[in-house]
Amino acid sequence: PLIEQLSGMQQLERQLCRKLGLRQCYVVPGDSDLQFQVVDAMGKVLNNKLKDLLPVGTNVIAVMGGSTMAEVAKQLTADLSVDRQLTFVPARGGVGERIDIQANNISAQMALRTNSLHRALYVPEHVSEDTYRPLLAEPSVRQVVDLIRHSNAAIHSIGEAVKMAERRAMPPEVIAQLQAEHAVGEAFGYFFNEEGAIVHRIPRIGLQLEDLATMDCVVAVAGGASKAKAITAYVKIAPPQTCLITDEGAARMILN
Ligand code: F6P
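Along each chain, the written sequence defines residue order, and numbers are assigned to residues from 1. Only residues with pLDDT of at least 70 get local features here, since the model is predicted, and only at 80 or more are side-chain atom pairs given and counted; chain-wide, interface and lining totals rely on the full set of residues. Calculation of side-chain values draws on the structure's entire complement of heavy atoms; hydrogens and water are dropped beforehand.

**Student:** Hey, could you go over the side chain of glutamate 71 for me, with residue numbers and the actual values?
**Tutor:** A run of H or I in DSSP counts as a helix once it spans at least four residues, and a run of E counts as a strand once it spans at least two, with each numbered from the N terminus. Here glutamate 71 lies in helix H3 (residues 67–72). Counting of polar contacts relies on pairs of N or O atoms within 3.5 Å, with two restrictions inside protein: one atom must be capable of donating a hydrogen and the other of accepting it, and residues adjacent in sequence are counted only when both atoms are side-chain atoms. Engagement of the side chain of glutamate 71 in a polar contact is seen with the side chain of lysine 74, the distance being 3.1 Å. By definition, residues are in contact when any of their heavy atoms lie within 4.5 Å. Filtering out sequence-adjacent residues up to four positions away, glutamate 71 remains in contact with Phe36, Val39 and Asp40.

Here's what the structure looks like:
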């Protein structure tokens, strides 16, 4: 049955790549909405893919926050840094997440697991635009922002638009606007509708969507049937080299 399950997944992967127009899709059995261990399986695939995709030598890897990222971080292994020097950085500062799932925390975890370095971006999660801007002028912040914008790899997840806006306690009028504009998904602080049009973005510092275009390695890890719409919409704005790691629950929902 394991062999059958594997070839079933490979078939799903091929169908998913075709449907989404991606070159690389990986599907693990199960649905992470129902079984949390499925996220660990996606993490193992992530570790293997990073071995294939990260070039030998120096790498700066920008990572996003969220519960998926927090969980997959635990699956990274030290052999990733055998022929490479890795520095993990948070992809963006201050998107309003809880401390345990903030990008700073996750990049530190990934560095710990892989025996490598990380740089934190010290900007508060919940401050106004006016407070935020001058922070950019601080040399310690500037250095990390420059590092982020020159990163050669990114690892991120994709979320449902309104759920993410609520989790970050965004103002009710912004949430109403997202609903009015039919936002279905969010990644890197960009909110987009089913057509992949960006309807709102959190104007915070760090990685911008266009920075992904020239990267060696971009991996999106997102699973669960509930994320099917968000994933389908995101790939319309994703760079073509994006490697998607998902689960059977999301894959079947996307294909139906
Ligand atoms: O807020 C950071 C973030 O990476 C978002 O860009 C993404 O939509 C979300 O987290 C995913 O969160 P989760 O993995 O908890 O669904």
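There's plenty left to go through after this.
**Student:** So what's going on with the site of the ligand? Residues and values would help.
**Tutor:** Neighbouring the ligand are 17 residues; Ser67, Thr68, Glu97, Arg168 and Glu186 lie closest to it. Between the ligand and phenylalanine 188 there is a distance of 3.5 Å, counted from an oxygen atom to a backbone nitrogen or oxygen. Alone, the ligand offers 400 Å² of accessible surface; in the complex the protein occludes 97% of this. For the shell around the ligand, the secondary structure elements donating two or more residues are H3, helix H7 (161–167) and strand S7 (183–187). Residue type decides the class: Asp, Glu, Lys and Arg count as charged, Ala, Val, Leu, Ile, Met, Phe, Trp, Tyr, Cys and Pro as nonpolar, and the leftover types, Gly among them, as polar. Here the shell around the ligand is composed, by residue class, of 6 nonpolar, 6 polar and 5 charged. When at least one non-hydrogen atom of a residue lies within 4 Å of a molecule or strand, that residue is treated as near it. Method for areas: the Shrake-Rupley scheme with a 1.4 Å probe, in which residue coverage is limited to the protein chains shown.

**Student:** Hey, could you go over the sheet that holds strand S11 (residues 243–247) for me, with residue numbers and the actual values?
**Tutor:** Taken in spatial order, the 7 strands make up an open sheet running S1-S11-S10-S5-S2-S3-S4, and their pairing is parallel. The open sheet is flanked by strand S1 (24–28) and strand S4 (117–118), the only strands paired with a single partner. Note on definitions: angles span 0 to 180 degrees between N-to-C directions of axes, and those axes are lines fitted to C-alpha atoms, for helices only across the stretch in contact. Relative to the sheet, helix H2 (residues 37–53) contacts S1, strand S3 (84–90), strand S5 (153–156), strand S10 (217–221) and S11, its axis offset from that of S11 by approximately 160 degrees. In this analysis, strands are considered paired if DSSP registers two or more bridges between them.

**Student:** Describe the pattern of salt bridges, and please don't skip the residues or the numbers.
**Tutor:** Criterion for a salt bridge: a side-chain nitrogen of Lys or Arg within 4 Å of a carboxyl oxygen of Asp or Glu. The tally for this structure, following the rule as stated, stands at 11 salt bridges. Ionic pairing is found between aspartate 146 and arginine 142, a salt bridge with its closest N-O pair at 3.4 Å. Of this pair, aspartate 146 and arginine 142 both sit in helix H6 (residues 139–149), separated by 4 residues, roughly a single helical turn. Partly exposed describes any residue whose relative accessible area lies between the buried limit of under 20% and the exposed limit of over 50%, with all areas from a 1.4 Å probe on protein chains only and scaled to the type maximum. The partly exposed category is assigned to aspartate 146, whose relative accessible area is 36%. With a shortest N-O distance of 2.9 Å, aspartate 211 and arginine 149 are connected by a salt bridge.

**Student:** Please provide a residue-by-residue account of the packing of aromatic side chains, values included.
**Tutor:** Side-chain rings of Phe, Tyr and Trp, where Trp is taken by its six-membered ring, are said to pair if the distance between their centres is within 6.5 Å; with planes under 30 degrees apart they count as stacked, over 60 as edge-to-face, and otherwise as tilted. Here the structure, examined in full by the defined rule, presents 1 aromatic pair. Judged by centre distance (5.8 Å) and plane angle (45 degrees), the ring pair of phenylalanine 192 and tyrosine 234 falls under tilted. A residue pair is termed long-range when its members are at least 10 positions apart, and phenylalanine 192 in strand S8 (residues 190–193) and tyrosine 234 in helix H9 (residues 228–234) qualify at 42 residues. For the pair phenylalanine 192 and tyrosine 234, a shared accessibility class is recorded, and that class is buried.

**Student:** Run through the nonpolar core, naming residues and quoting values.
**Tutor:** Formed by 47 residues in total, the largest nonpolar core has its most connected members in Phe188, Leu212 and Tyr234. Sequence-distant contacts of leucine 212, defined by excluding residues within four places in its chain, comprise Ala154, Phe188, Leu207, Val218, Tyr234, Pro239 and Gln241. Grouped together as the second largest cluster of nonpolar side chains are 27 residues, Val28, Met42, Ala111 and Val219 included. Joining through side-chain atoms within 4.5 Å is the link that ties buried Ala, Val, Leu, Ile, Met, Phe, Trp, Tyr and Cys residues into a set, and such a set is a nonpolar core.

**Student:** Which residues make up helix H4 (residues 103–113), and what are the values?
**Tutor:** Regarding H4, the residues found buried are Ala103, Ile106, Ser107, Met110 and Ala111. Relative to the axis of H4, the buried residues are bounded by an arc of 140 degrees and lie together on one face. Close packing links the buried residues of H4 with strand S2 (57–63), H3, S3, S4 and S5. Phi for asparagine 115, located one or two positions after H4, is positive at around 60 degrees. As used here, the arc is the angular range of directions from the helix axis to the C-beta atoms.

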